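Here's the letter readout for the chains.
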Amino acid sequence: MIGLDIGFGWTKVAEDGKEVGKFPTWIAYYDKDMVDVEPIEYEGRAYVVGEHARYSRQRIELVDLDMLVRFIPVVLEYVRREYKVEGDICGGLAPKHYSYYKENEPLRSKLNRVLKLVLPQGVGVLLDVDGSIKEGEVVLVVDVGFNTVDYVLAKKGGDRYHKYAIGSIEGLGVLRAVELFKEKLPIQLDILKGFSFSRLVEAFEKGYATIEGEKVVLKSYVEFAKEEYVDLLLSRLKMELKGRVEERDRLVLAGGGANLLSAEVFGKNTVKPSLPEFSNARGFSKVVL
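Below is a summary of the structure that appears in this document. Because the structure is a prediction, the values reported are computed rather than measured.

1. Re the overall build of the protein
Here comes step 1: Secondary structure summary: the protein contains eight helices and 16 strands in total.
Here comes step 2: In summary, the protein has a C-alpha radius of gyration of 20 Å against a globular reference of 19 Å for 289 residues, a match within 12%.
Here comes step 3: Taking the principal axes of the C-alpha coordinates as reference, the protein spans close to 55 × 55 × 30 Å.
Here comes step 4: Across the 289 residues of the protein, 52% fall into the buried class.
Here comes step 5: Excluding contacts between residues fewer than 6 apart, the proportion of contacts in the protein whose partners are at least 24 apart in sequence is 57%.
Here comes step 6: Split by element, the accessible area of the protein, about 14600 Å² in all, is 49% carbon and sulfur.
Here comes step 7: A distance of 2 Å separates the average location of the 42 positive side-chain charges in the protein from that of its 45 negative side-chain charges.

See below:
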């Protein structure tokens with residue numbers, strides 16, 4: 001089984017429980033000036049995907065579910081061509097989109113033509129870490145994406161999980177943590193506030209930035225921002241889960257945002273899978289039909 005986690009930032013691919021690759025979820029119309037690039041033909045148009053679309057002036061932004069569903073066939077063709085993978089594909093949708101998918105017959109029909117199985121994001125993480133979860137344990141998955149945090153609260157019972165709660169929180173992904181970091185920078189570092197978002201993310205990750213050839217240490221501002229971010233996230237989770245956060249036996253921190261956060265700041269019994277951005281895709285690829 002091929003596991004596919006198409007995010008609005010990155011797409012991750014796994015096969016039979018192992019990472020295959022990832023690429024930015026960028027799509028652009030093919031231009032004849034794009035030499036040495038084989039376009040993907042779909043519905044009478046030609047496209048390029050991933051890094052090939054980086055500098056295109058005709059880039060298509062997958063800003064919502066409709067755009068994502070429309071271009072999934074293009075992404076799938078790129079995946080098969082780029083990574084030489086074959087077979088059935090299990091993909092994921094954010095919980096809020098998954099609910100819409102289950103209720104909307106035209107959407108469900110369209111997706112089911114290209115994906116063998118569709119699961120909520122977060123459930124893939126459960127499947128990924130299943131071997132380390134004991135019978136009867138209550139697990140809280142916190143899947144931190146670029147803009148959204150998905151969560152699943154579930155109890156393991158036999159060969160399945162009984163879900164108590166599942167949902168998405170908009171605007172509380174990595175973007176929010178980096179915004180907090182930016183707000184904490186002192187006036188003498190105002191030059192950093194003019195950095196592009198990608199450069200701010202890089203500074204946040206590394207704990208320093210290079211300004212006019214000089215290395216400026218930013219670790220203290222990063223740590224303060226992380227502490228505030230985790231407080232905001234846990235507070236919102238408690239609100240969403242109506243106080244049931246404390247019921248969990250274990251918290252699993254996953255998603256691309258997990259690379260920027262340490263498991264320890266979420267308290268005891270928190271684990272972070274290796275290469276956490278691939279956790280959903282790995283879990284989807286372990287599904288046996």
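2. Focus on the sheet that holds strand E6 (residues 45-49)
Here comes step 1: The antiparallel open sheet is built from four strands, whose spatial order is E5-E6-E4-E7. In the strand order of this sheet, the two ends are held by strand E5 (40-42) and strand E7 (59-60), each with one partner.
Here comes step 2: In this sheet, E6 lies alongside strand E4 (residues 27-29) in antiparallel orientation, the contact comprising three bridges. Residue pairing for E6: alanine 28 is matched across the bridge by valine 48.
Here comes step 3: The strands touched by helix H1 (residues 65-83) are E4, E5, E6 and E7; relative to E5, the strand with the most contacts, the crossing angle is about 145 degrees.

3. Some thoughts on the packing of aromatic side chains
Here comes step 1: Under the defined criterion, the tally for this structure stands at six aromatic pairs.
Here comes step 2: Aromatic pair phenylalanine 23 and tyrosine 78: ring centres 4.8 Å apart, planes at 70 degrees, arrangement edge-to-face. With phenylalanine 23 in strand E3 (residues 18-24) and tyrosine 78 in helix H1, this pair connects stretches of sequence that are 55 residues apart.
Here comes step 3: On the basis of relative accessible area, tyrosine 78 is assigned to the buried category, the value being 9%.
Here comes step 4: Between phenylalanine 181 and phenylalanine 204, the aromatic rings sit 5.6 Å apart at their centres with planes inclined by 70 degrees, giving edge-to-face as the arrangement. Separated by 23 residues along the polypeptide, phenylalanine 181 in helix H5 (residues 174-184) and phenylalanine 204 in helix H6 (residues 197-206) bring together distant segments of the chain. With respect to class, phenylalanine 181 is no different from phenylalanine 204; both count as buried.
Here comes step 5: Feature note: the residues Phe23, Tyr78 and Tyr83 constitute an aromatic cluster, connected by ring pairs.

4. Quick look at the sheet that holds strand E12 (residues 160-170)
Here comes step 1: Overall, mixed pairing links the five strands, which are arranged E12-E11-E10-E15-E16 in an open sheet. Across the chains shown, the open sheet's two edge strands, defined by having one partner strand only, are E12 and strand E16 (270-271).
Here comes step 2: Relative to strand E11 (residues 148-157), strand E10 (residues 138-144) is paired through seven bridges, and the arrangement is antiparallel. Pairing of valine 142 across the sheet is with tyrosine 151, part of E11.

5. Some thoughts on the packing of helix H2 (residues 95-103) against helix H3 (residues 105-112)
Here comes step 1: Two numbers describe how H2 lies on H3: the axes approach to 5 Å, and their chain directions differ by 100 degrees. The angle between H2 and H3 places the two elements in the roughly perpendicular class. Touching Tyr100, Tyr101, Lys102 and Glu103 of H2 are Glu105, Leu107, Arg108, Leu111 and Asn112, all from H3.
Here comes step 2: The residue inventory of the contact of H2 with H3, partitioned by class, reads four nonpolar, one polar and four charged.

6. Quick word on the nonpolar core
Here comes step 1: If you look at the biggest cluster of nonpolar residues, it comprises 42 residues, and the most contacted ones within it are Val142, Phe181, Leu218 and Tyr229.
Here comes step 2: Secondary-structure elements contributing two or more residues to this core are E10, E11, E12, H5, H6, strand E13 (208-211), helix H7 (219-240) and strand E15 (250-254).
Here comes step 3: Among the elements that line this core, the one with the most residues is H7, at seven residues.
Here comes step 4: Residues Val13, Ile27, Val49 and Tyr98 belong to the second largest nonpolar core, which totals 30 residues.

Parameters at a glance
- Residues numbered from 1 in each chain as written.
- Predicted model: local features only at pLDDT ≥ 70, side-chain atom pairs only at ≥ 80, totals over all residues.
- Heavy atoms only, no water.
- Helix = DSSP H or I, 4+ residues; strand = E, 2+ residues; numbered from the N terminus.
- Rg over C-alpha atoms; globule rule 2.2 N^0.38 Å.
- Buried < 20%, exposed > 50% of the residue type's maximum accessible area, 1.4 Å probe, protein only.
- Contact = heavy atoms within 4.5 Å.
- Areas by Shrake-Rupley, 256 points an atom, 1.4 Å probe, with all protein chains shown as cover.
- Lys, Arg positive; Asp, Glu negative; His and termini not counted.
- Charge placed at Lys NZ, Arg CZ, Asp CG, Glu CD.
- Pairing = 2+ DSSP bridges.
- Axes fitted to C-alpha atoms, helices over the stretch in contact; angles between N-to-C directions.
- Phe/Tyr/Trp six-rings, centres within 6.5 Å; stacked < 30°, edge-to-face > 60°.
- Parallel < 35°, antiparallel > 145°, perpendicular 65-115°, else oblique.
- Nonpolar A, V, L, I, M, F, W, Y, C, P; charged D, E, K, R; others polar.
- Core = buried A, V, L, I, M, F, W, Y, C linked by side-chain atoms within 4.5 Å.

Just geometry here; none of it tells us what the structure is for.
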